[in-house]
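Structure assessment
What follows is the residue order along each chain.
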Amino acid sequence: MSAEYRDNAVPTRKGEELNLENLRKCLLENIPEANGELSVSQFPGGFSNLTYLLKLSDKELVLRRPPFGAKVKSGHDMGREYKILSGLNAHYKKVPKPYYFTDDESVIGTPFYVMERVNGVILRLSMPKEHLPNAEKMKGISSSLIDTFAELHNLDYEVAGLAQLGRPEGYVQRQVEGWGKRYYAARTDDIPSIEHALKWLEGNQPTQSCSTLIHNDFKYDNLILDPDDWTNVLAVLDWEMATIGDPLLDLGTSLGYWVNANDPDMIKALGLNVSLLPGNPKREELLHLYSIKTGRSIDNPVFIYVYGLFKIAVIIQQIYLRYQKGLTKDPRFANLINGVKAIGDMAQRAIEKKKIDDLY
């Protein structure tokens, strides 16, 4: 597999190092296949939980831990994510195998878990242009993304032992209220369009469609593709926000990340998704294809899109607040507030125009 295609790890960012001595001892004691000296590097992508590549002799593992400065109990629960992977592993082939979890903070200072490393392609806009898929290949990949999303929403979560994962009743209302509270808790700037979007969501909530296992962060860069056939999805990553709830809100989150080629430059500059490449469906077509695959009708496309945008804006706002407080020094976060404003403008346009494509 060409090195350019691999999701390569890089030297660990300053201030985000792990205690290698403690970690090696822990791994050797708890993972039978682990042996030899430990080396650690870091995957540079992502904006939430931190992900590291561990090498022990010829074995590669992946470690996930909460970001520095985050409140672990409120959205970065490593034990919960490990439980989800463990439940799914026997029933769904597209998840990495989980190996070990501990909440013993004496090891690296925070709870963490370790899983297998699935080697493959992760599509990112940062890939060299010559290696990005052409329109024909991209169309096949997008079809596989929708197939995988439909599979996920059709999983029997009770058989996987995940029935207690969430509270389906009243899910839509709780999500709107919860993300609103998170926004105001992380608010740093006056952004009227964001506040307008929240008020609109509060006043236009649809009836809940049904309840399924939902991923809550389903997008291209959380998929690992087969290096020999990019239309084959090997694994779905980042289950930290998975729960039992309305699949159409899950779809809304994906819509929020789904950037069209004719969206404003500021939105495209956020680098949210390779969905702007030729061969991808636009947002309305994505909904249509999902509806065909699942048999679910989508009667409130503007609501689920605005919900997705608002949720993403809140996540970005929370990261920006951590940066402003000096809890993370990742330079990518310095101008994220402009992204929050741009997403707020998109939400306002969608509400005013009553549609989700061609907003400018």
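Structure: above.
Reference entry: report on the structure contained in this document. Model, not experiment: these values are computed from the prediction.

**Description of the packing of aromatic side chains**
Tallied over the full model, the rule gives nine aromatic pairs. Centroid distance Y100 to F112: 6.3 Å. Interplanar angle 65°. Geometry classified as edge-to-face. Note that Y100 is positioned in strand 4 (residues 98-102) and F112 in strand 5 (residues 112-116), a separation of twelve residues in sequence. Ring centres of F149 and F218 lie 4.1 Å apart, and the angle between their planes is 0°; on these two criteria the pair is classed as stacked. With F149 in helix 3 (residues 135-153) and F218 in the loop between strand 6 (212-214) and strand 7 (223-226), this pair connects stretches of sequence that are 69 residues apart. By relative accessible area, which is 2% here, F218 ends up buried. The positively charged end of K137 is found above the aromatic ring belonging to W230, 4.4 Å away from the centroid. Sitting over the ring of Y257, K219 keeps its end group 4.8 Å from the ring centre.

**Overview of the nonpolar core**
Across soluble globular proteins, nonpolar side chains show a tendency to be buried alongside one another. Residues L88, L123, L213, W239, I304 and F310 are the most contacted members of the largest nonpolar core, which totals 93 residues. A total of 15 residues in this core trace back to one element, the largest contributor, which is helix 9 (residues 301-324). Beyond its immediate sequence surroundings of up to four residues, F310 is in contact with W179, G180, Y183, I194, A197, L198 and L201. By size, the runner-up hydrophobic cluster in this structure holds 18 residues, among which are L27, I31, L54 and F112.

**Brief notes about the sheet that holds strand 1 (residues 38-42)**
An order of 1-2-3-5-4 is seen for the five strands of this open sheet, with the pairing classed as antiparallel. Lying at the two open borders of the sheet, with one neighbouring strand each, are strand 1 and strand 4. When the angles between neighbouring strand axes are averaged without regard to direction, this sheet yields 25°. Across four bridges, strand 4 lies against strand 5 in antiparallel orientation. Each residue of the ladder has a partner; that of T102, found in strand 5, is F112. Across the sheet, helix 1 (residues 20-30) is in contact with strand 1, strand 2 (50-56), strand 3 (59-65), strand 4 and strand 5; its angle to strand 1 comes to roughly 115°. Packing against the sheet, helix 2 (residues 78-89) makes contact with strand 3, strand 4 and strand 5, and its axis sits at approximately 155° to strand 4.

**A short note on the pattern of salt bridges**
Under the counting rule described, the total for this entry stands at 19 salt bridges. Salt-bridge contacts for E60 lead to R117; the nearest nitrogen and oxygen are separated by 3.0 Å. Taken together, the positions of E60 in strand 3 and R117 in the loop between strand 5 and helix 3 put the pair 57 residues apart, joining distant regions of the chain. Look at R117 and you get buried, because its relative accessible area is 11%. Note that E240 and R64 form a salt bridge whose closest N and O atoms lie 3.2 Å from each other. Pair noted here: E240 is in the loop between strand 8 (229-236) and strand 9 (243-245) and R64 is in strand 3, with a separation of 176 residues, a long-range link. Neither residue differs from the other here; E240 and R64 are each classed as buried. What you see here is one network of salt bridges that share partners, running through R13, E16, D330 and R332.

**Re helix 2**
Compared with the 16 Å implied by 1.5 Å per residue over twelve residues, the 16 Å span of helix 2 between its first and last C-alpha is a close match. Taken as a whole, helix 2 has its buried residues at M78, E81, Y82, I84, L85, G87 and L88. Where helix 2 is buried, its residues touch strand 3, strand 4, strand 5 and strand 6. Measuring from the side-chain oxygen of the N-cap residue of helix 2 to the backbone nitrogen of G79 gives 3.1 Å; that N-cap residue is D77.

**Here's the deal with helix 9**
Over its 24 residues, helix 9 extends 34 Å from the first C-alpha to the last, a length consistent with the 34 Å expected when each residue adds 1.5 Å. Once helix 9 ends, the next one or two residues include G326, with phi positive near 80°.

Reading the values: the criteria
Residues numbered from 1 in each chain as written. Predicted model: local features only at pLDDT ≥ 70, side-chain atom pairs only at ≥ 80, totals over all residues. Heavy atoms only, no water. Phe/Tyr/Trp six-rings, centres within 6.5 Å; stacked < 30°, edge-to-face > 60°. Helix = DSSP H or I, 4+ residues; strand = E, 2+ residues; numbered from the N terminus. Buried < 20%, exposed > 50% of the residue type's maximum accessible area, 1.4 Å probe, protein only. Lys NZ or Arg CZ within 6 Å of the ring centre and 35° of its normal. Core = buried A, V, L, I, M, F, W, Y, C linked by side-chain atoms within 4.5 Å. Contact = heavy atoms within 4.5 Å. Pairing = 2+ DSSP bridges. Axes fitted to C-alpha atoms, helices over the stretch in contact; angles between N-to-C directions. Salt bridge = Lys/Arg side-chain N within 4 Å of Asp/Glu carboxyl O. Expected span 1.5 Å × (residues − 1). Polar contact = N/O pair within 3.5 Å; in protein donor to acceptor, adjacent residues only side chain to side chain.

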